[in-house]
Amino acid sequence: MTGACGASGALSAVHLDALARLPALRRILDAGPELRCSLERHTGPHMDVLHEGPAPGTALWARWPGDAVLALPDCPTTGCGEGCGQYLAHPGGHTWQVTSR
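As the structure is a prediction and not an experimental result, all values here were calculated from the model. (Residues numbered from 1 in each chain as written. Predicted model: local features only at pLDDT ≥ 70, side-chain atom pairs only at ≥ 80, totals over all residues. Heavy atoms only, no water.)

1. Points about the side chain of H94
In step 1: By secondary structure assignment, the location of H94 is in the loop between β8 (82–83) and β9 (98–99).
In step 2: The class of H94 is buried, set by a relative accessible area of 18%. (Helix = DSSP H or I, 4+ residues; strand = E, 2+ residues; numbered from the N terminus. Buried < 20%, exposed > 50% of the residue type's maximum accessible area, 1.4 Å probe, protein only.)

Structure, rendered in structure tokens:
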């Protein structure tokens, strides 16, 4: 197992503007403004899932730096009795291969 990136960030005005158009905005904002990268340790942009949807098999992800909100398809890979919680073609290991340390 490898460690998760864990880089932190905050929801920017661009993120909030994109989220303001979602019916589920309250649930997303109740989680707080902090973002935490869930990818395996890496260089380059960081990603954190904001909300499952808007369509089945997709999720909204915040990317920073760059302040983007992206609707990305889910990674379909399964292992260790669970599905991967990342987006399709994510860098590094799948969620069951990455520790939170």
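Still more ground to cover, so stick around.
2. Comments concerning the side chain of H46
In step 1: Its place among the elements puts H46 in strand β4 (residues 46–52).
In step 2: A relative accessible area of 14% means that H46 is categorised as buried.
In step 3: In terms of polar contacts, H46 uses its side chain to reach the side chain of H42, at 3.2 Å.
In step 4: In this structure, H46 is in contact with C5, A7, C37, A62, R63 and W64, ignoring residues within four places of it in sequence. (Polar contact = N/O pair within 3.5 Å; in protein donor to acceptor, adjacent residues only side chain to side chain. Contact = heavy atoms within 4.5 Å.)

3. Thoughts on the packing of aromatic side chains
We describe a pair of aromatic rings using the distance from one ring centre to the other and the angle between the two ring planes.
In step 1: As enumerated under the stated definition, the model contains one aromatic pair in all.
In step 2: A centroid spacing of 5.1 Å and a plane angle of 80° characterise the contact between W61 and Y87, whose relative ring orientation is edge-to-face. On the criterion of sequence distance, the pair formed by W61 in strand β5 (residues 58–64) and Y87 in the loop between β8 and β9 is long-range, its members being 26 residues apart. The residues W61 and Y87 share a single accessibility class, namely buried. (Phe/Tyr/Trp six-rings, centres within 6.5 Å; stacked < 30°, edge-to-face > 60°.)

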